[in-house]
Amino acid sequence: MERSFSAEIRSLSLGAGETFHGEGILAVTKALLQSGVSYVGGYQGAPVSHLLDVMVQARDYMDELGVHVEACTNEASAAAMLGASIMYPVRGAVTWKSVVGTNVASDALSNLASPGVMGGAMIVVGEDYGEGASVIQERTHAFAMKSGMWLLDPRPNLPTIVRMVEHGFELSEASNAPVILELRIRACHVRGSFVARDNVKPRISTRELQMEPAPFDYARLAHPPVTFQHEKLKYEVRMPAARKYIVDAGLNELFDGDRTELGIIVQGGLYNNLVRALQALGLADAYGRSRIPILNLNVVYPLVPEQITGFCAGKRAVLVAEEGQPDFIEQEINTILRRADLQTKLHGKDLLAMGGEYTAELLLAGLVRYLAAHAPDLPRGAAEGLLADIAGLKAQATEAFSGPVPARPPNFCTGCPERPVFAALKLVEQDIGKLHVSADIGCHSFATFAPFSFGNSILGYGMSLASSAGVRNFSARRPVAVMGDGGFWHNGLLSGVSSALLNKGDGVLIIMKNGYTSATGTQETISTPTSESRRVAEGTSATGSEVTIENTLKGMGVKWLRTVDNYKVGDVRKTLEEALTSPFEGLKVVIADGECQLERQRRIKPLRAKMLKEGKRVVRTRFGVDEDTCTGDHSCIRLSGCPTLTVKTPTDPLKVDPVAHVTNDCVGCGLCGEVAHAAVLCPSFWRAEIISNPSRWDRFKARVREAFIHAIRPA
Amino acid sequence: MSDSKPFTLLIAALGGEGGGVLNDWIVECALGQGLPVQATSVPGVAQRTGSTSYYIEMMRTPAPDGAQPVFALNPMPGGVDVVLASELVEAGRMIERGFVHPKRTTLIAASHRVYTTQEKMQMGDGRFDDERIHAGARALAARYLSVDMAGLAAAHGTVISAVMFGALAGAGVLPWPREACERVIREGGLGVQASLAGFGAAFDAVADGSAREALAGAGAGLAAKTSPEVWAPLLATLPAPMRENAAHGVVRVLDYQDSAYARLYVERLQRIAAAAGNSSTQPLVARALAEAARLLALWMTYEDVIRVADLKSRRSRVARIRDEARVREGEILEIVEYLKPGVDEVAATLPRALGARLRDWATHNGKLESLNRGMHLPSTRIHGYLMLRLLARLRPMRRRSLRFHEEQQSIERWLAALERMLAASPAFAAALAELPRVLKGYGDTQRRGRASFERIFDTLVERALGSTSGPAAGAAQELHAAIAAALAEPEGRELERSLEKAGIEPRAPAAKPIVWMKKPRGAASTVVTSR
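Treat the numbers as computed from the prediction; the structure is a model and nothing was measured.

Description of the overall build of chain A
Across its full length, chain A carries 27 helices and 26 strands. A compact globule built from 715 residues would reach a C-alpha radius of gyration of about 27 Å, and chain A, at 30 Å, matches this within 12%. Dimensions along the principal axes, computed over C-alpha positions, put chain A at roughly 95 × 70 × 60 Å. A total of 715 residues make up chain A; the buried ones form 62% of that total. Long-range pairs, those at least 24 residues apart, make up 78% of the contacts in chain A with a sequence separation of at least 6. For chain A, the exposed area adds up to about 25,900 Å²; of that, 55% sits on carbon and sulfur atoms.

Here we look at empty space enclosed by the protein
If you walk through the whole model with that rule in mind, you get nine cavities of 30 Å³ or more. Space inside the largest cavity adds up to approximately 400 Å³. Along the walls of the largest cavity sit 21 residues, with Thr 631 of chain A together with Leu 298, Pro 436, Leu 439 and Lys 440 of chain B positioned nearest its centre. Where the lining of the largest cavity is concerned, the elements lending two or more residues are α12 (283-300), α18 (402-424) and α20 (443-466) of chain B. With four residues, α12 of chain B is the largest single contributor of residues to the lining of the largest cavity. Along the lines of polarity and charge, the residues of the lining of the largest cavity split into seven nonpolar, four polar and ten charged. Reported here for the second largest cavity is a volume of approximately 120 Å³.

Notes on the packing of helix α17 (residues 419-432) of chain A against helix α23 (residues 569-581) of chain A
All names here are of chain A. Axis separation between α17 and α23 bottoms out at 8 Å; the angle between their running directions is 50°. Taken together, the axes of α17 and α23 lie oblique to each other. Relative to α23, α17 is oriented so that their crossing is right-handed. In this structure, α17 uses Pro 420, Val 421, Ala 424, Leu 425, Leu 427, Val 428, Asp 431 and Ile 432 to contact α23, whose residues at the interface are Val 569, Val 572, Arg 573, Leu 576, Glu 577 and Leu 580. Across the contact of α17 with α23, the residue classes tally to eleven nonpolar, no polar and three charged.

Describing the sheet that holds strand β9 (residues 253-255) of chain A
Residue and element names in this part refer to chain A. Read across the sheet, five strands follow the order β9-β11-β10-β13-β14 without closing on themselves; strand pairing throughout is mixed. The sheet terminates laterally at β9 and β14 (345-347), the two strands that pair on one side only. Between one strand and the next, the sheet's axes are offset by a mean angle of 20°, whatever the strand orientation. Strand direction decides the pairing type here: β9 and strand β11 (residues 294-297), joined by three bridges, are antiparallel. For Leu 254, the partnering residue across the bridge sits in β11 and is Leu 295. Where helix α14 (residues 328-339) meets the sheet, it contacts β10 (262-267), β11, β13 (317-321) and β14, and its direction lies at approximately 175° from that of β14.

Observations regarding the interface of chain A and chain B
Contacts between the two partners involve 142 residues from chain A and, on the opposite side, 141 residues from chain B. For the chain A and chain B pair, buried surface summed over both sides reaches about 12,400 Å², with 58% attributable to carbon and sulfur atoms. Looking at the side of chain A facing chain B, the largest losses of area belong to Tyr 287, Arg 408 and Leu 654 of chain A, adding up to 8% of the total buried there. For Arg 276 of chain A, the salt bridge is made with Glu 57 of chain B, and the minimal N-O distance between the two is 2.4 Å. At the junction of chain A and chain B, the tally comes to 53 residue pairs in polar contact (both at pLDDT 80 or more).

Comments concerning the environment of Thr 49 of chain B
Structurally, the position occupied by Thr 49 of chain B is in the loop between β2 (37-41) and β3 (51-58). In this structure the C-alpha to C-alpha distance between Thr 49 of chain B and Gly 15 of chain B, which are 34 residues apart in sequence, comes to 4.3 Å. Setting aside residues no more than four positions away along its own chain, Thr 49 of chain B makes contact with Arg 408, Pro 409, Pro 410, Asn 411 and Pro 643 of chain A together with Leu 14 and Gly 15 of chain B.

Observations concerning the packing of helix α7 (residues 178-188) of chain B against helix α8 (residues 192-207) of chain B
Residues and elements named next belong to chain B. Following both chains from N to C, one finds α7 and α8 inclined at 160°, their axes separated by 9 Å at the closest point. Classified by the angle between their axes, α7 and α8 sit roughly antiparallel to one another. Here α7 runs over α8; the crossing is right-handed. Contacts between α7 and α8 involve Arg 178, Cys 181, Glu 182, Ile 185 and Arg 186 on the former and, on the latter, Val 192, Ser 195, Leu 196, Phe 199, Gly 200, Phe 203 and Asp 204. Its residues assigned to classes, the contact of α7 with α8 shows six nonpolar, two polar and four charged.

Examining the packing of aromatic side chains
Aromatic ring pairs are reported here in terms of the distance separating the ring centres and the angle at which the planes meet. A complete count under the given rule lists 22 aromatic pairs over all chains for this structure. Each ring, one from Trp 697 of chain A and one from Phe 700 of chain A, has its centre 5.9 Å from the other, and the planes form 20°; the classification is stacked. Of this pair, Trp 697 of chain A and Phe 700 of chain A both sit in helix α27 (residues 696-712), separated by three residues, roughly a single helical turn. Each ring, one from Phe 199 of chain B and one from Phe 203 of chain B, has its centre 6.1 Å from the other, and the planes form 35°; the classification is tilted. Of the two residues, Phe 199 of chain B and Phe 203 of chain B both sit in helix α8, four residues apart, roughly one turn of that helix. Judged by its relative accessible area of 14%, Phe 203 of chain B falls in the buried class. Three or more aromatic residues link up through ring pairs in this structure, and these residues are Phe 412, Phe 422, Phe 446, Phe 452 and Phe 454 of chain A.

Points about the confidence of the model for chain B
Any residue range with low pLDDT should be treated as having predicted coordinates unsuitable for detailed reading. Residues and elements named next belong to chain B. Per-residue confidence for chain B gives a mean pLDDT of 89; residues scoring 70 or more make up 92%. Mean pLDDT per element in chain B: helix α15 (residues 343-349) is the minimum at 87, and strand β4 (residues 82-85) is the maximum at 98. Predicted confidence is poor over residues 212-224, with pLDDT under 50, and the contacts of this stretch with residues over four places away or in other chains come to 21 contacts. This stretch, residues 524-531, has a pLDDT under 50; its non-local contacts, to residues over four places away or in other chains, come to 20 contacts. Both scores are given for the predicted complex: the pTM is 0.94, the ipTM 0.95.

Comments concerning the side chain of Glu 96 of chain B
As for its position among the elements, Glu 96 of chain B is in helix α2 (residues 88-96). Lacking a salt bridge, the buried Glu 96 of chain B has Arg 93 of chain B as its closest oppositely charged neighbour, with an N-O distance of 5.1 Å. The contacts of Glu 96 of chain B, once residues within four sequence positions are left out, are Lys 394, Ala 397, Phe 401, Gly 403, Pro 404 and Val 405 of chain A.

Section: the pattern of salt bridges
A side chain of one charge can pair with a side chain of the opposite charge when the charged atoms of the two come close. Residues and elements named next belong to chain A. The final tally for this structure, using the stated rule, is 88 salt bridges over all chains. The residue Arg 197 makes a salt bridge to Glu 166 at a minimum N-O spacing of 3.1 Å. On the criterion of sequence distance, the pair formed by Arg 197 in the loop between β8 (191-195) and α11 (226-248) and Glu 166 in helix α9 (residues 158-175) is long-range, its members being 31 residues apart. With a relative accessible area of 17%, Glu 166 lands in the buried category.

A few points about the pairing of strand β1 (residues 7-14) of chain B
Residues and elements named next belong to chain B. With eight of its eight residues buried, β1 lies for the most part within the structure. Where β1 and β3 come together, eight bridges link them in antiparallel fashion. Bridged to Leu 14 within β3 is Ser 51. Bridging between β1 and β4 involves four bridges; their strand directions are parallel.

Quick notes on the environment of Glu 689 of chain A
Note that Glu 689 of chain A resides in strand β26 (residues 685-692). Taking the C-alpha atoms as reference, Glu 689 of chain A lies 24 Å from Phe 412 of chain A; in sequence the two are 277 residues apart. Leaving out residues up to four positions away in the same chain, Glu 689 of chain A has contacts with Val 619, Arg 620 and Thr 621 of chain A together with Ile 332, Leu 333 and Glu 334 of chain B.

Cut-offs used in this document
- Residues numbered from 1 in each chain as written.
- Chains lettered and ligands numbered in written order.
- Predicted model: local features only at pLDDT ≥ 70, side-chain atom pairs only at ≥ 80, totals over all residues.
- Heavy atoms only, no water.
- Helix = DSSP H or I, 4+ residues; strand = E, 2+ residues; numbered from the N terminus.
- Rg over C-alpha atoms; globule rule 2.2 N^0.38 Å.
- Buried < 20%, exposed > 50% of the residue type's maximum accessible area, 1.4 Å probe, protein only.
- Contact = heavy atoms within 4.5 Å.
- Areas by Shrake-Rupley, 256 points an atom, 1.4 Å probe, with all protein chains shown as cover.
- 1 Å grid on protein atoms, 1.4 Å probe; cavity = no way out; pocket = protein on both sides within 12 Å on 5 of 7 lines; lining within 4 Å.
- Points joined across faces, edges and corners; volume = space filled by probe spheres on them.
- Nonpolar A, V, L, I, M, F, W, Y, C, P; charged D, E, K, R; others polar.
- Axes fitted to C-alpha atoms, helices over the stretch in contact; angles between N-to-C directions.
- Parallel < 35°, antiparallel > 145°, perpendicular 65-115°, else oblique.
- Left-handed = near helix turned anticlockwise from the far one by under 90°.
- Pairing = 2+ DSSP bridges.
- Buried area = accessible area lost by both parts, 1.4 Å probe.
- Salt bridge = Lys/Arg side-chain N within 4 Å of Asp/Glu carboxyl O.
- Polar contact = N/O pair within 3.5 Å; in protein donor to acceptor, adjacent residues only side chain to side chain.
- Phe/Tyr/Trp six-rings, centres within 6.5 Å; stacked < 30°, edge-to-face > 60°.
- pLDDT = per-residue confidence, 0-100.
- Lys, Arg positive; Asp, Glu negative; His and termini not counted.

This is how it looks when you write it as structure tokens:
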């Protein structure tokens, strides 16, 4: 795993009265333990990866509590795990990145929500929305509504988040329904503190076994005819019970203010930015005391009609601050007000943006419009001035820079084993023409950026091969699908490979075998090299001897299968060309083998430091460019894009274009040299092998060579 | 209502630079002072070397009993007190997004550049101009501190986050003293000494006002070599705009071949100068002359196997690599060269007739590429070094080689055109002087550059030469555009588009061999494989 959580693991065991300092998502982890969960599962992905990562690393402590932690292979398997809470009074939680993870999980979620749960079941989703998001922009809200699961959206401060986790389990049990806790990206990563409580050991656990299975109960199966009864239960029994709990436990919060004719209803997650906007208007202070009353919804589904009408009654106009589309909350409040025949005007998306992240700036613009219409006496000048300033600043910057500054999207890491595969693919295209490339989710999707710009479609995690099924039947040239080993095990094996085999699909699949799900933080998969083989490999790739993927494919009936060493660009190029031109009709799989460089560097750095300290012989390798012979055409960069292969101003006064240059962060992966060879680029690359603590033999050889070369070398 | 406002700090950085550690240090300091604090970030996949940011809010004084400040999660344009950037363009990005306000924001930014892929991959110079960011920063920040953070980090063997922390503390914007910062660094426990040194150096540089714009890279280390004294009288015959480049050019050509060749270089310049007559001080003519002197020197010293072997076996080179790769005393350095000479390179070096025959044979038999052999030549070992020296010693043969002959022909053609245009149209001449810029690289890249050169020459330049009334209005612009297009992407499509705009019929894109074609249903089901 990319990150070590030793400090965080300690804070998971804090007792009552001690103060927890840390990230939002780790506060959730602690709150799960305080709630007495029996099991936790999930699938990694920003912004919730840390929840599972820290628990996996804290296995010993989890074992002491009796909590089972499962690193599921996809979100569907995580969601299905919650089935334990249908028949047993055990609490469980699962986590994933949403909306994509919820999409994958939704079959199991529907079948979970229909019979309902006995023990508290919670789904912690990272709402990957707005700045920093890496997926399509949709809301999890729709899933909660369609399946009858309750949705918590707490104010983004640690005490509230923790309180909502704990109440979430109570709410789930009080209403027999699963509960979703959604946290936006910044809320997951917010650093704050809360006063801890003792962790609770679950009553049924890996230590306290349930001796008999639950008795047969057809009513708890998602199977007709009881599914018809479930539907009635959801809306006649479970939802009223949930609403009662929400009111009794005070989950939603009313912040009163003196301008009682006004009011704002806000999703809990947006509360802080709303207060910032009110501060800019001079209507709230640093501690959140607002002159306009605010109804803060920590539970955004279901709404409690009495709470809404109670807040809106007697007000001139209420503003709903609800992020994203569709505007489910605003629509429902409109319905509630109509049913109650309240004449309070309702605003929302008419004054605020239709889509996008609701930042303080955006909320401020909406509030100014709202106040202009309904409280013209309140001063808005300063806020309007600020908004005009902001627009002016952005325009002035663009003018001063004469255009936008260059974008800097994420990139393959230095020495990444996936980069050479795309360099080879670019060379293949030079030979046989443009290819249709079905891209996928994972580090390899960085190949959609410059200098590679590969990819005609992205249809989801592990979906690349499946998404070329239609294309390969009407394309004269074979399409290529790229998939990581993470995506292969997540979904690609079944959705892609088995379907292509069944339909005798003629295409090329490249599987990046780097050993881990690396974009999410190098979590392990079923084909991750063993710790022993990693120890033996030291700084070299440890994935070569791991053949689970190869064996699986052979077992399924893949007849054309090649494994290539990624860093040998020439071989990769030849193999890909062979796959694309072979008369063999059917699925052709190229396994691109090279272990994630992050993992290799994590092993080699401490090892090397230790050996240097002990005075042992250590060789380090790096590449470089001869400035004299570099003509500054940068074709090497167009085939690599490595962060350490950059440009610099030449020292030669006659050259004006920058020359290529390798920085000292180079890890010596060898791609530069390989590309220079495979593409017949230029002779400017050199490889330096630097021997620290050389042996006597090394020193002797060096002395002889130097003496000889010195004798014949011109100045 | 209390009107105390939170102190807001936005950190712009690249993924993997240790921004998270810096974030933690600042939070620890605030907690140590009993100040309410909140920090957020959007790491995600941006951790993989993309742009990312961290945002911190805190109160300057402890909160009254029982009160909890409400901190925002997103920075608000115009609402940020301090923007701290680990790289110059990232600072520009923050300005672009409105986070730097002229009445409120202190901008502390690194002066170095980490170039984006988009900038690096251009065939010419795609770098964003630093000065534009500095100008924007000076105009739009209440206070702008430009710090050589990369330099300080390297000098103290530490990471940039420690230097950023020092610059922040040195700017006097934090509500706690320097010692508080140093304490949390010490408690961090990793690389403490280096971090403290980097922190201290940046603190002092900013606090005593010595932080100023360090224009990273530009003009640094310009070679001081100028031409030997004996050449001075000859160079003095050239018009002023040519002299500096010509002086460097003579050194280069001498180093490349011999003094006869250097004399040829100067004579060629004299020819151009004569064509310019006494209009040499007119700006367009001056530019044409200076560029011609520069590019002619580079062209006449085209890189061939002999040149590469010569440069790679010089004494100064090992020292330079030792320095660049930070080889320490007592360590042994071995250098391996990545060479891949092919038929083309061999033919280019052979005597004219022989070389031409070899190249024709290889072209007809499809061996131009297939006979390339990748070599890993250990140039710090005896046999490897000998091989380089042997190749370098072929220098006298160069004058009779195929490539030498071809390059001289091409140079003469360009010179003759330039001579005529200097008299007819200085604007066109200025553009024409720049045309050899498209000649770059080795192997395939070099062939493509040569093709672009010839394509432009055959169309735009010949058209101008053929017109009795001199080049048409706009012809110079068209030539400039064509050069830029040839450098914009390697495939040559941009060039064809640019030429089309100038009224030249575009060439069809080169056909790719058909290697595998699916046959439509109903046709014979055999697969076609042909190359």
